[in-house]
Protein chains: 2
Amino acid sequence: MIGLKERVLLVEDEPGIVKGLSHSMERDGYQVTSARDGEEGLRLALQTKPDMIILDLMLPGMDGLSICRELRQRPQTRDIPIIMLTAKRDDVDRIVGLEMGADDYVTKPFNTRELLARMKAVMRRMKRRTDEEDARINAGVLTIDPEARIATKSGAPLPELTAKEFDLLHLMALHPGRVFEREDLLRIVWGMEHYDTRTVDVCVGRLRKKIEDNPAKPVFIVTRWGVGYTFNPEG
Amino acid sequence: MIGLKERVLLVEDEPGIVKGLSHSMERDGYQVTSARDGEEGLRLALQTKPDMIILDLMLPGMDGLSICRELRQRPQTRDIPIIMLTAKRDDVDRIVGLEMGADDYVTKPFNTRELLARMKAVMRRMKRRTDEEDARINAGVLTIDPEARIATKSGAPLPELTAKEFDLLHLMALHPGRVFEREDLLRIVWGMEHYDTRTVDVCVGRLRKKIEDNPAKPVFIVTRWGVGYTFNPEG
DNA sequence: TTTCTTATGTCATACTCATGTTACAAGATA
DNA sequence: TATCTTGTAACATGAGTATGACATAAGAAA
C-alpha cells in the first residue's frame, strides 16, 4: 500500500536521458526533479530533500563521486538513498564499496526497466519493513489477512475482495476509529490520479455488500456525514 | 531452488564494511541483519536464527572465536553455517577458526565477489541438508518432489516441467494461500536479471497448461486480479 | 413539524487496462 | 548441427472500475 508520490532528484547532464527517464519515472508514479550539473544537484538535494537521488557519475563541474561524498556528509541528506549511473563497470567497486555509500548502481547504457526496478528495490529497503502492515488484523469478528489478501467473518470466508476493496478495508482496519476523508482514500488507495471522490463511495458500497450483514445499516465501515468514512472494529 | 530470501547475519564492527557488504549481499538476494559486536551478534543469532553468519574475527567485546564456540554449542544455532572474516593472512587463528567449526573463511582485505561466491557455495552445501525445501509437498492431488524436480497429479506423472516452471510451482506451493506479486516472483525465481513482469504471466500460462485439467479455468495457480497469483492446494 | 438543500447510496453501462494466449526469435543445451 | 527453453512482442479477452443518472437519507432552515 503506497502513500504519496515519492520524489526523485535526477542529476544528469544529457537532456535526452533526462527527458526519457523523467517520463518513465513519472509513469511509475514518481515526482521527478532534475539538475543539469553537480552544483545544481547538490543545491536541489539540500533544498527539496528528495526521497531518492539518481546520480550520474560523469558530470560537468563537480563529479558524481564528490557529490555523493557531500551528500553523505551533510546530516540533511545523509539518509537519502542514491543510485549511481556509471559508464564503466570498473567504477563499480569504488562506488558501492566501502567509501562512497551509494545504495545501488546501474551501468550505462542501461535498461530503463532495470533502473526502475532498482529504484523500487531501494525504496522497499528504505521504507520501514513495518511488520504492522503485514500482520493479520483481528477486528471483532472480522479477520483480515494481508498475506493471502483474504477477509473472514467469524472464521467463515467472505466473498473475494477485489484489489481496491481489499486495500481500502486493510487501510481503514489498520487505523480503527480514524476518520478518512474521501480525498485521503483516493490518494492512498487509488494513488491520487482520480479527482472524482464519488469513486470512493461506489467502492465502499461494493465492499459493504461483501462484509456487512445488512449493507443498508453498515456497522464496520461507517459513514461520517459530511466528512468521510471510519472503521469500527466492534461491528 | 531457493525459497524466500536467505537471511544472513553480519557481525562486524566497521560501519563501512557493513554498509558495503550489506549492499552487495542484498543485491545478490540475501536479507541482511547486522550486529556491531559479539554480544549483539550472539543475541541476534539466537533470536532470528539466520541461514548463515558472517563473522569478523576481530570484534570489540567478545571476539569472533568465542562467538563461534558459543554458536556451535547451542542446539538452536549449531547447524548455522559460519564464514569467518580474518584480518591477517597468516593468522593462525583462521585454522583455529575452522577447527572451531567455521565453515569457511575469507581474509581481509577481501574481494567482495570472493566472499559472495563462498557464501553461495556454503549455501548450496547447506541447502542439501535443509529438509524443509527438499521435502516432498503434498497439495491435494498434486505432489511436488524437489529432489527429483518432478510433479505428479494423483500419482500420475505430469508433463516434465522446465526449470523456471518447476521453481515457480515449488515456491508457490511452499506458501499456499499467499499472494505473490509478479515482482516478488521475478525477484525470487528469476533473480534480478529480468524486469518485464509479463514474463511471469507467460511462465504461469505454460505451467498451467501442464498441471491444470482446464488451463482456462485454473484451480491450482489462481489469478488475483490486480495483484498477482496464489497457489491453492485444494485444487 | 415540514420543506429544502446537500451528501450519500445504488444501479447500469461503457471503457480501461490487466491478464490470457499465441507466435517468434534468441539463447541455452545436447 | 538440432532441440529445447525462455524472453519479448503483439493481439484477444474479460474483470474491474469509473462515470453519470437517479433514489434516498441526513441535516438545516422555515
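What counts as what
Residues numbered from 1 in each chain as written. Chains lettered and ligands numbered in written order. Predicted model: local features only at pLDDT ≥ 70, side-chain atom pairs only at ≥ 80, totals over all residues. Heavy atoms only, no water. Helix = DSSP H or I, 4+ residues; strand = E, 2+ residues; numbered from the N terminus. Buried < 20%, exposed > 50% of the residue type's maximum accessible area, 1.4 Å probe, protein only. Contact = heavy atoms within 4.5 Å. Areas by Shrake-Rupley, 256 points an atom, 1.4 Å probe, with all protein chains shown as cover. Core = buried A, V, L, I, M, F, W, Y, C linked by side-chain atoms within 4.5 Å. Near = heavy atom within 4 Å. Polar contact = N/O pair within 3.5 Å; in protein donor to acceptor, adjacent residues only side chain to side chain.

**Considering the overall build of chain A**
In terms of regular secondary structure, chain A is built from eight helices and 12 strands. When each of the 235 residues of chain A is scored for burial, the buried share is 47%. Intrachain contacts of chain A at a sequence separation of at least 6 include 53% that bridge at least 24 residues. As displayed, chain A has an accessible area near 12400 Å², and 49% of this comes from carbon and sulfur atoms.

**A closer look at the nonpolar core**
Counting residues in each nonpolar core, the largest one holds 28 residues, and the members touching the most others are L168(B), L169(B), M172(B), L185(B), I211(B), I221(B) and F231(B). Only β6 (137-139), β7 (142-145), α7 (163-174), α8 (182-190), α9 (198-211) and β12 (228-231) of chain B provide two or more residues apiece to this core. Among the elements that take part in this core, α7(B) stands out by supplying six residues, more than any other. Once you skip the residues sitting within four places of it in the chain, F231(B) turns out to touch A139(B), L142(B), L169(B), M172(B), A173(B), P176(B), G177(B), R178(B), F220(B) and I221(B). In terms of nonpolar packing, the next biggest core, distinct from the first, is built from 27 residues, A139(A), A173(A), F180(A) and I211(A) among them.

**Structural notes on the protein's contact with DNA strand C**
In the vicinity of DNA strand C lie 24 residues, with R208(A), T223(A), Y229(A), T223(B) and Y229(B) positioned nearest. Measuring from a phosphate oxygen of DNA strand C, one finds a backbone N or O atom of G226(A) at 2.9 Å. Between a sugar or linking oxygen of DNA strand C and a side-chain N or O atom of R182(B), the distance comes to 3.0 Å. When contributions to the surface near DNA strand C are tallied by element, the ones reaching two or more residues are α8 (198-211) of chain A together with α9 of chain B.

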